[in-house]
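Observations on the three-dimensional arrangement
In case you want the letters, here they are:
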Amino acid sequence: MTADWDDLRTVLHVVRGGSLAAAGASLGVNYTTVARRVARAEAALDLILFERLADGYRPTEAGLRLAEYASGMEERELDMMRQLQGRDQRLSGRLILTAPQLMIGPFIAPVIERFVAAHPKVDVTLKANNELADLTRREADIAIRISSSPGDTLTGLRMAAQETASFAAPIWAERMATGPEAQVDWIIYEQYAQVPKAAQARFPNSRVVLTCNDMAAMIGAAVAGLGVVRMPMFLGRHTPALVQVPALEPQSYMDIWLVGHPDVWPSAKVKAFRDMLVPEFRTRRGEFVA
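To start, this report covers the structure provided alongside it. (Residues numbered from 1 in each chain as written. Predicted model: local features only at pLDDT ≥ 70, side-chain atom pairs only at ≥ 80, totals over all residues. Heavy atoms only, no water.)

1. As for the pairing of strand 8 (residues 206–212)
Each regular strand carries side chains that alternate between the two faces of the sheet. Stated formally: Between any two strands, at least two bridges found by DSSP are needed for them to pair. Secondary structure elements are defined from DSSP: runs of H or I of at least 4 residues count as helices, runs of E of at least 2 residues count as strands, and each element is numbered from the N terminus. The definition of a right-handed crossover adopted here requires that, viewed with the strands pointing away, the path from the first strand over the helix to the second runs clockwise.
Both strand 7 (residues 184–189) and strand 8 contribute to a ladder of six bridges, which runs parallel. Looking across to strand 8, one finds that Ile 187 is bridged to Leu 210. Taking the sense of rotation as the criterion, the β-α-β connection linking strand 7, helix 7 (residues 197–202) and strand 8 turns out right-handed.

Quick look at the structure:
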């Protein structure tokens, strides 16, 4: 009994994702391709791997065992590919970078411009994403992360410390200059959902007027004059329509790191990009703190 590796991997992703649609999304293929591969694996192995139910595919015991075996194969393949990539000394081919969206324009794009000029045979792919890419599974080669540490399984360089402060449209600076009795409206990130205690103590008439789940939306609302936002220093300083207001003193925030998998870290492309990016951040580290 033999089956194609793509078919076995598809079985694994159906079990892992819980549906044909989820498997298709993770594999980058459509629903019908997933169903065809599953059927082909069952025919090649002469086994029923999934029960076809009204609400989707349910793995049989054989399907679960096969998925467990395929998972081990996938891990070994990923390990091999990372190690080969780490030994690659060519300055050509694809380099995948992931970074927080709001950091790209002022800090990362200028480095990419210089990098592609110096290494025109390298194809840079930038994933602008605040979610953490899985570097073990090669979702990216290197990542810029805002974090307390690079993590136990990754190699990292701390590029800059950060602080946060309060920023708003100039009209709010004028209102707050009248004294602590001024009413101060706040735009709050949904994970916190209340005015910072230090700001409430300084301006007792503070209130929340908007709760958001996205910093770009909060910046837009602040530029429109809706209220005050607590944000990293670099964001406030790189938004010309905002000024720092005295609602909060600058406070420590998570650091900025460049991280990668230890297997991939030595590759020529990663090293060349790292050698440009890290000095850029360290030279400009004053933009991240008061």
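2. As for the side chain of Gln 85
Note the following rule: Under the rule applied, a polar contact is a pair of N or O atoms within 3.5 Å (in protein, one hydrogen donor and one hydrogen acceptor; residues adjacent in sequence only if both atoms are side-chain atoms).
Relative to the elements of secondary structure, Gln 85 occurs in helix 4 (residues 61–86). There is a polar contact of 3.5 Å between the side chain of Gln 85 and the side chain of Arg 138.

3. Structural notes on the layout of surface pockets
Note the following rule: Put simply, the grid is 1 Å and covers the protein atoms alone, a cavity is a trapped set of points that fit a 1.4 Å probe, a pocket is an open set with protein on both sides within 12 Å along at least five of seven lines, and lining residues have an atom within 4 Å of a point. Grid points are joined across faces, edges and corners, and a volume is the space filled by probe spheres set on the points.
When its volume is computed, the largest pocket comes out at roughly 1000 Å³. Contributing to the lining of the largest pocket are 41 residues, with Tyr 189, Met 215, Pro 232, Tyr 253 and Met 254 lying nearest its centre. For the lining of the largest pocket, the secondary structure elements donating two or more residues are strand 3 (93–99), helix 5 (101–118), strand 5 (142–147), strand 7, helix 8 (215–223), strand 9 (228–232), helix 9 (233–237) and strand 11 (251–260). Tallying contributions element by element places strand 5 first for the lining of the largest pocket, with five residues.

4. Side note on the pairing of strand 7
To keep things clear, this is the line we draw: Think of it in three bands: residues with accessible area under 20% of the maximum for their type are buried, residues over 50% are exposed, and the middle band is partly exposed, with areas taken using a 1.4 Å probe on protein chains only.
Of all six residues making up strand 7, five are buried, and the element is well covered by its neighbours. Where strand 7 meets strand 9, two bridges bridge the pair, whose relative direction is parallel. Directly across from Ile 187, in strand 9, lies its bridge partner Val 229.

5. A word on helix 2 (residues 20–27)
Test applied: Here the arc refers to the set of directions running from the helix axis out to each C-beta atom. The contact criterion used throughout is that any non-hydrogen atoms of two residues lie within 4.5 Å.
Along helix 2, the residues that are buried comprise Leu 20, Ala 23 and Gly 24. Taken around the axis of helix 2, the buried residues stretch over an arc of 100 degrees, which confines them to a single face. For helix 2, the exposed residues lying more than 90 degrees away from the buried face are Ala 21 and Ala 25. Elements that come into contact with the buried residues of helix 2 comprise helix 1 (5–17), helix 3 (31–45) and strand 2 (56–59).

6. A word on unusual backbone geometry
Even without a glycine there, the phi angle at Asp 46 is positive, about 55 degrees. Along the chain, Asp 46 turns up in the loop between helix 3 and strand 1 (50–53). A positive phi angle, close to 65 degrees, is found at Arg 138, a residue other than glycine. Structurally, the position occupied by Arg 138 is in the loop between strand 4 (122–128) and strand 5.

7. A short note on a nonpolar patch on the surface
As a reminder of what qualifies: In this analysis, a patch consists of residues with relative accessible area above 30% that form no salt bridge, clustered at 9 Å for like charges and at 5 Å for the nonpolar side chains Val, Leu, Ile, Met, Phe, Trp and Tyr. The Shrake-Rupley method, run with a 1.4 Å probe sphere, supplies the accessible areas, and residue values consider only the shown protein chains as cover. Salt bridge criterion: a side-chain nitrogen from Lys or Arg within 4 Å of a carboxyl oxygen from Asp or Glu.
On the surface, a cluster of nonpolar side chains totalling about 270 Å² of accessible area is made up of Met 80, Met 81 and Leu 84. For Met 80, the location among the structural elements is in helix 4.

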